[in-house]
Structure formats: C-alpha cells, structure tokens
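What the coordinates show
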Amino acid sequence: MLRQQDVGHRIVVRRIVGIREGRTLFSDALGELVELSETHITLSTDAGPLRVPVAEVHRAKRVPPARRPTAAAVVALELAADEAWPAPVRGRLGDWRLRWADGWTGRANSALPVGDPDRPLPAALDAVQRWYAERGGSALVNTPLPLAAPVGAELDARGWTSRPPVLVQTVPLRTLTAPPEAVPADVHPGRVATPAAADPPPPASPAGTPPVTLTGAPTDDWLAICAGRKGGLPDAARHVLTAVDRVRFAELRVDGRVLAIGRGTVTGEGRWFGLSLLEVLPEARRRGFATAVVRALAGWGADEGAARAFLQVEQSNTGAVTLYRRLGFTTHHTYLTRVAPTA
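What counts, and at which threshold
Residues numbered from 1 in each chain as written. Predicted model: local features only at pLDDT ≥ 70, side-chain atom pairs only at ≥ 80, totals over all residues. Heavy atoms only, no water. Axes fitted to C-alpha atoms, helices over the stretch in contact; angles between N-to-C directions. Helix = DSSP H or I, 4+ residues; strand = E, 2+ residues; numbered from the N terminus. Parallel < 35°, antiparallel > 145°, perpendicular 65-115°, else oblique. Contact = heavy atoms within 4.5 Å. Nonpolar A, V, L, I, M, F, W, Y, C, P; charged D, E, K, R; others polar. Phe/Tyr/Trp six-rings, centres within 6.5 Å; stacked < 30°, edge-to-face > 60°. Buried < 20%, exposed > 50% of the residue type's maximum accessible area, 1.4 Å probe, protein only. Core = buried A, V, L, I, M, F, W, Y, C linked by side-chain atoms within 4.5 Å. Arc of directions from axis to C-beta. Salt bridge = Lys/Arg side-chain N within 4 Å of Asp/Glu carboxyl O. pLDDT = per-residue confidence, 0-100.

**Examining the packing of helix 2 (residues 121-134) against helix 3 (residues 149-157)**
Closest axis-to-axis distance for the helix 2/helix 3 pair is 11 Å, and the angle between their directions is 70 degrees. Between helix 2 and helix 3, the interaxial angle falls into the category roughly perpendicular. Residue-level inspection shows Leu121, Pro122 and Leu125 of helix 2 in contact with helix 3, the latter providing Pro150, Val151, Glu154 and Leu155. Of the residues assigned to the contact of helix 2 with helix 3, the class counts are 6 nonpolar, no polar and 1 charged.

Shown next, in the form of structure tokens:
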C-alpha cells in the first residue's frame, strides 16, 4: 500500500467497482497522488481529480514517472509563459529572447535561451551581457532544464550563480473547473493576484466562500496587494501585468475588503491558461479563498478555449507547491535563473 512518502508521485490504483455473477469487478486509475488519508486516496488524473475510499482500494503502488516532455513541448510552453509576462523592452538574438522591465521580477529581466542564437554559444552569452549592461542591469539567463543544459554548462564555466529552482507546472484545465467537492481544501500559496467585474458570472466557488469577480484591468486594491508583495509597481510592472491580449484580474472581497487576488492569461495560440500572482492575505488563509480564485480564473480560461493550465512556482515555496499539488498540478519541467558574476 501507499505511504505519505508517495504523495506527489505517480501511482496506479486498482479499485473495486462492483460484483457481477459472484466475481469482483475492478477499475484501474493512473495519476499523481495528491492526498493520502486514513479514509481516502486522492489522485490527479488526465480526466480530473479522483477521490477513492480506502475501503474500495484493492491494490495501489507507485509507478515510474511519465516520460519527460519533448524539447518542442518545453519550448512551446516557455514561449506561452513569455507571452503571458511581457517585458516592455525586448530584443532578439537569433531565436533567443532578451527581456527588460527596469528590474521588476526575474522573468521579465532575463534572457530566454530557447532555439538557435545564430552564433556560437560563447559569443551569444557575451552578447547577452552587453545587452543588459547597455540598460544598466546585470545579466540574468533563465535556463529551462534539461533543454538548456549546454547553456548552463557554459555559465558554470564562467562562474555564474543560480537562484532557487523554479517548477513549471501544468494540469488539464478541466481539472481546475471540476465540481468544488472534488477539489481538496487549499492552503496558502504565498503569491499575489488581482480583481474583476465586467465578465459573466464565474463558476460556483467552493461552498461557503464569497464570490470572485473578474475584470480586464486591475483595480487599485488589487494593485496595492501586488505592490505590497513585490516591493512597488513601476511603470514597467504595469506593462508586464496588463499588456496581454487576453488577461483577467480576480479578487475576492469580504465586507468590501479584498482578501484574495489572482491573475489569469490565455496565450500560446489560445491553448494555455496561465495562473500568476495568487495571494491570500494572512488573516484570510485556510478558508478556501485561493481555490475559489483559481476556479474563477480557470472558468474564464476554459470559456476562452484554453485546454491546459500552467504556472511557475519556486520549489522552495512549500505552501504554494502543496496547494498546487492538491489542485492537480504536476511539474512539466524546471528552470534556473542564472546570475552573472559581479565585477
């Protein structure tokens, strides 16, 4: 049987589904184990979350992880994420993206080395450093792994350091829009987001939570929460937040006060729903508010035609990783933000 150490890993469960002519009938389910209790096993499957009573489990075990995504799949997702977080100043080095937003967030101020830089790797990295130096900043390079492992090796040789690993996680969008009772209660994710109001009513929130509103632009209250978490919002930050063709800002209010926010985008030729800036104020945590915000934004994303959801979260952010795992997210790939050595 399974143990708590198996949570977060891929498992197969054979469950008893009935008896026919004196013979026991079984059904198998494959997915990531997201919760294990004395009474139930909850796993995230391609068809959505599945909660199985322990009494119905005939056999359950961990199985090898799914195959790594192809290089093409990693590139496609990285480009969709880049589109969802658009830096106001951009450059190209062959296929590589160069991004600058006055230092606001690493993602918007780093080179994305996917594809061919149209020159030898050492010359490409020299050009990256010059580009950022011309803008008065230190060079950062986001290296999706294992795709950009050769870039990482060259940076190692040059003495570049690494920030904490970031998990790029995905889930079928229908998992996030499943009935509330199928989704376990949330924990605080430790991330920020925004408000809404002009769109059709969002999907029902988990029982007992206030409704979530969605708007095409952030409210002042949404921006205040975001600024408090990010240490201010320069003009470049407002561009990053809003300069996406399809974007919504979510907020959950209680007695007129915003207690939870989030941001959703649809990019990657309409395939990908991106979740970012999810935040619940400290006094409002563990009440299902984060889940309500995610569901409202995901419902909008599904209405826009997106099929899968993605997010980016630091591996060390255990609160957020736990929440996202319970919602069904699994890691697609990781990336490291590499930092140029100081002179």
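Next, the rest of the story.
**Some details on the packing of aromatic side chains**
If you walk through the whole model with that rule in mind, you get 6 aromatic pairs. Pairing Trp85 with Trp104 gives two aromatic rings, centres 5.7 Å apart and planes at 15 degrees, and the pair type is stacked. You can see Trp85 sitting in the loop between helix 1 (71-84) and strand 6 (89-93) and its partner Trp104 sitting in the loop between strand 7 (96-100) and helix 2, a full 19 residues away along the chain. Like Trp85, the residue Trp104 is buried in the burial classification.

**Thoughts on the nonpolar core**
Generally speaking, nonpolar side chains in soluble globular proteins are found buried as a group. Judged by nonpolar contacts, the single largest core of 56 residues is most densely connected at Leu176, Leu241, Phe273 and Tyr324. The element that contributes the greatest number of residues to this core is helix 7 (residues 289-303), accounting for 9 residues. If we ignore the near neighbours within four places in the chain, the residues touching Leu241 are Trp85, Trp104, Trp222, Leu223, Cys226, Leu233, Val247, Phe249, Arg263 and Leu277. Core analysis: the next-biggest nonpolar cluster, separate from the first, contains 18 residues, Leu93, Ala127, Val141 and Leu155 among them.

**Some points on helix 5 (residues 220-230)**
Those residues of helix 5 not exposed but buried are Trp222, Leu223, Ile225 and Cys226. Down the axis, helix 5 shows its buried residues gathered within 160 degrees of arc, on one side only. Within helix 5, the exposed residues directed more than 90 degrees away from the buried face are Asp220 and Gly228. Residues of helix 5 that are buried make contact with helix 6 (235-242), strand 12 (247-254), strand 13 (257-267) and strand 14 (272-280). Gly231 sits one or two residues past helix 5 and shows a positive phi near 75 degrees.

**Overview of the pattern of salt bridges**
Scanning all chains against the criterion turns up 13 salt bridges. Note that Asp82 and Arg90 form a salt bridge whose closest N and O atoms lie 2.5 Å from each other. Overall, the relative accessible area of 7% leaves Asp82 in the buried class. Its salt-bridge partner being Asp126, residue Arg158 comes within 2.8 Å of it at the nearest N-O pair. Of the two residues, Arg158 sits in the loop between helix 3 and strand 9 (161-162) while Asp126 sits in helix 2, which places them 32 residues apart along the sequence. Linked by salt bridges that have partners in common, Asp82, Arg90 and Arg99 make up one network.

**Some details on the confidence of the model for the chain**
Per-residue pLDDT for the chain averages 88, and the proportion of residues at 70 or more is 90%. Across residues 181-188, confidence stays below pLDDT 50; counting only partners more than four residues off in sequence or on other chains, it has 24 contacts. Confidence drops under pLDDT 50 across residues 190-205; counting only partners more than four residues distant or on other chains, this segment forms 74 contacts.

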